[in-house]
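Summary of structural features
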Amino acid sequence: MTIPPPRDDAAIAPRATRRRVLSSLVAGTLGAWLPQPLTALRMLGTRGPSDDLCVTPARFDTPLHVPGRDGLMGRLPAGNDPVVLRATAGTGTGPALAFGANSGNSAYVNPMLVARRGTVLRITLANESAEPTIAHWHGLAIDTANDGNGERLVAPGAAFDYTIAVRNRAGLYWYHPHPHGATASQAARGLFGLFAVEDDEEDALRAALALVPGETEIPLVLHDRKRAAPGRYAPSSSDRLFGWYGDEPLVNFTARPFLDVTARRYRLRVLNAANARNFRLAFRRDDGATLPFQLLGTDGGLLERPQQCTEVFVSPAERLDVLVDFAGIAPGSLVLLESRAFDPMHAVPAQRPATGAAADGEAHAMRPTMEPTAAAAESMGAADTVPDGMPLQLLQFRIHAAEGKAPPLPARLSAPLPLPVAMDERPLRLGFAKGRWRINDRVYDVTATPIVVARNAVETWLIRNYHTSMPHAMHLHGFQFRVLERETSPGELAPLVAADRGRLATDLGWKDTVLVWPGESVKIAIDFRHPFPGEQIYLFHCHNLEHEDGGMMLRVKVG
Ligand code: C2O
Ligand code: CU
Ligand code: CU
């Protein structure tokens, strides 16, 4: 294969218009430049930048880090030998805080654990860092003792042993710290890894599409950092309110990455590991046209059939299984994975003076007065923040010639995925009062279990977000659920509706995290049957990690 010289990145820039230039200034120097009226407008959640805004092209000058058999994000087969994950302060250029592991002669940083469904894993977390921590297994069907929910921490110098029976379908899950109040800080510094489960359906897909992990199947872990102080986490009061946003997106811990690909299909397994940022992902060709892709799977594994998409939102902790086809694209061309501009709809209700003010746990005084707080205004002024919803260029693909004929895309990816048939409906309201985001007016209390689910229950949860609010990425530990319905969704979701009852393509598979937009109602179905003896405690929380640390989290007791 001959590698043509990379083209000038400007080839991918759209025609400059005044608005685009304005936008690139905003993205470049940010805040400082942003005029106040626009600030207010954006914080009020009225229309944000239009779709055609685009920042000045980044210089994609670093090869994407593609995980291999060792090193950063390397694939570590788990199941035969016990695995020891050491939480350590990182060294040099990698994550500032990381999980180290060794297997045979190989050393790993934040390894991608790869396990077969049905196996039992023995994993030890050895805390060699200076702060208490715990690893949580996001998305796994697991008992409380092994869930790592943060109610038990591992002190510096101590260790904790997990026994994990892998019950989940094949899919991309992940592990990350969960010490309440410090989750955001540790995750922002890079302490997280992927957990891939494999099974027969997974094998069949790889065989059908001739996919080779590390070559044509590549995980893409998205997060962001502050360029001037990577590895530092010092949230302002507005960060605590709206979430912590960096000014530089990373893909697999690489800034401004490019990837050499051949003109064939690639499977990209995306995790949004950012503390708070949502991405509106799309592929753009260098002639400006959108390159559609197939959505193969969601948080809990493969869809029944591939869904063609032009763009898709991915909120913190969500995963996407994406198949993009570069066939037919001329060698020498570029394709850009970008996050398109969207209205992040950030607003908090103005706090009214306490007139017979509600106590914690009582109805909160939510009034849609639409006044941005001082903190909201402040967040727009931070020079080291690119606010949510700003367009970002994430990864450049450089297309090279391919040989051979591509196998056809299978029409079916998995056995049918029937919806759980629920008996009881439980209302959950996402709101804000007295300076904190809340679920049903409550904040996290380790001594309280506001949600009690009977043994063997199957429930629907109706999650409603207030109009004056912000998007919340709601996550449940221990169970995968299905999205039944979206109602009163914001207008910018309308073009993404792919099925009945307002559902998006990403709503058509198993989920453990669902983004609920301001004003929206999302109905999910959860089958709480589990094989574990006795009562189990799980957590339901917002995966905007600043919201989680701030207490937007409730304990769920499952009998
Ligand atoms: Cu990935 Cu409790 O979270
Ligand atoms: Cu979780
Ligand atoms: Cu939230």
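What this report covers is the structure whose coordinates are included nearby. (Residues numbered from 1 in each chain as written. Chains lettered and ligands numbered in written order. Predicted model: local features only at pLDDT ≥ 70, side-chain atom pairs only at ≥ 80, totals over all residues. Heavy atoms only, no water.)

1. Here's the deal with the overall build of the protein chain
The helix and strand inventory of the protein chain stands at eight helices and 35 strands. Carbon and sulfur atoms form 54% of the exposed surface of the protein chain, whose accessible area is close to 21,100 Å². (Helix = DSSP H or I, 4+ residues; strand = E, 2+ residues; numbered from the N terminus. Areas by Shrake-Rupley, 256 points an atom, 1.4 Å probe, with all protein chains shown as cover.)

2. Digging into the coordination of the copper ion (ligand 3)
For the copper ion (ligand 3), the full set of protein donor atoms is His472 (ND1), Cys542 (SG) and His547 (ND1), at a range of 2.0 to 2.2 Å. In the primary structure, the donors to the copper ion (ligand 3) are separated according to the pattern H-x69-C-x4-H. With histidine 472 in strand β30 (residues 472–476) and histidine 547 in helix α8 (residues 545–549), this pair connects stretches of sequence that are 75 residues apart. Note on histidine 472: relative accessible area 0%, which makes it buried. Residue classification places histidine 547 among the buried positions, given a relative accessible area of 1%. (Donors = N, O, S within 2.8 Å, 3.2 Å for Na, K, Ca; no water. Buried < 20%, exposed > 50% of the residue type's maximum accessible area, 1.4 Å probe, protein only.)

3. Observations regarding the coordination of the copper ion (ligand 2)
Here the copper ion (ligand 2) is held by the protein donor atoms His136 (NE2) and His475 (NE2), which lie 1.9 Å from it. Linking histidine 136 in strand β9 (residues 135–138) with histidine 475 in strand β30, this pair joins segments that are 339 residues apart in sequence. For the pair formed by histidine 136 and histidine 475, the shared burial category is buried.

4. Comments concerning the pattern of salt bridges
For the coordinates displayed, the defined rule picks out 43 salt bridges. For arginine 75, the salt bridge goes to glutamate 198, with nearest N and O atoms at 3.1 Å. A residue pair is termed long-range when its members are at least 10 positions apart, and arginine 75 in strand β3 (residues 75–77) and glutamate 198 in strand β12 (residues 193–198) qualify at 123 residues. Here arginine 75 falls in the partly exposed class, since its relative accessible area comes to 24%. Overall, the relative accessible area of 12% leaves glutamate 198 in the buried class. Residue glutamate 425 is joined to lysine 523 by a salt bridge in which the shortest nitrogen-to-oxygen separation is 3.6 Å. On the criterion of sequence distance, the pair formed by glutamate 425 in strand β26 (residues 424–433) and lysine 523 in strand β33 (residues 521–527) is long-range, its members being 98 residues apart. (Salt bridge = Lys/Arg side-chain N within 4 Å of Asp/Glu carboxyl O.)

5. Examining the pairing of strand β13 (residues 217–225)
β13 sits mainly inside the fold: eight of its nine residues count as buried. The pairing of β13 with strand β17 (residues 265–272) spans six bridges and is parallel. Across the sheet, proline 219 pairs through a bridge with arginine 269, a residue of β17. Two strands pair when backbone bridges link them, and β13 and strand β14 (residues 248–251) are joined in this way by four bridges, in the antiparallel orientation. (Pairing = 2+ DSSP bridges.)

6. So, the sheet that holds strand β27 (residues 436–439)
Read across the sheet, five strands follow the order β27-β26-β29-β33-β31 without closing on themselves; strand pairing throughout is mixed. Each having just a single partner strand, β27 and β31 (481–487) make up the two edges of the open sheet. Neighbour-to-neighbour, the strand axes of this sheet turn through a mean angle of 20 degrees, independent of strand direction. Here β26 runs beside β27; their pairing, made up of four bridges, is antiparallel. Within β27, the position partnered with phenylalanine 432 by the bridge is tryptophan 437. (Axes fitted to C-alpha atoms, helices over the stretch in contact; angles between N-to-C directions.)

7. Brief notes about the side chain of aspartate 388
Residue position: aspartate 388 is located in the loop between α7 (374–381) and β25 (392–400). Here aspartate 388 is buried and forms no salt bridge, its nearest opposite-charge partner arginine 277 lying at an N-O distance of 4.4 Å. Within the local environment of aspartate 388, its side chain forms a polar contact with the side chain of asparagine 278, the two groups lying 2.8 Å apart. (Lys, Arg positive; Asp, Glu negative; His and termini not counted. Polar contact = N/O pair within 3.5 Å; in protein donor to acceptor, adjacent residues only side chain to side chain.)

8. Observations regarding the environment of glycine 550
Mapped onto the fold, glycine 550 is located in the loop between α8 and β35 (553–558). Taking the C-alpha atoms as reference, glycine 550 lies 8.4 Å from leucine 241; in sequence the two are 309 residues apart.

9. Focus: the sheet that holds strand β28 (residues 451–453)
Taken in spatial order, the five strands make up an open sheet running β28-β35-β34-β30-β32, and their pairing is mixed. The open sheet is flanked by β28 and β32 (513–516), the only strands paired with a single partner. The mean angle between the axes of side-by-side strands here comes to 20 degrees, regardless of whether they run parallel or antiparallel. Here strand β34 (residues 536–542) pairs with β35 via six bridges, running antiparallel. Bridging from a neighbouring strand, glutamine 536 pairs with valine 558 of β35.

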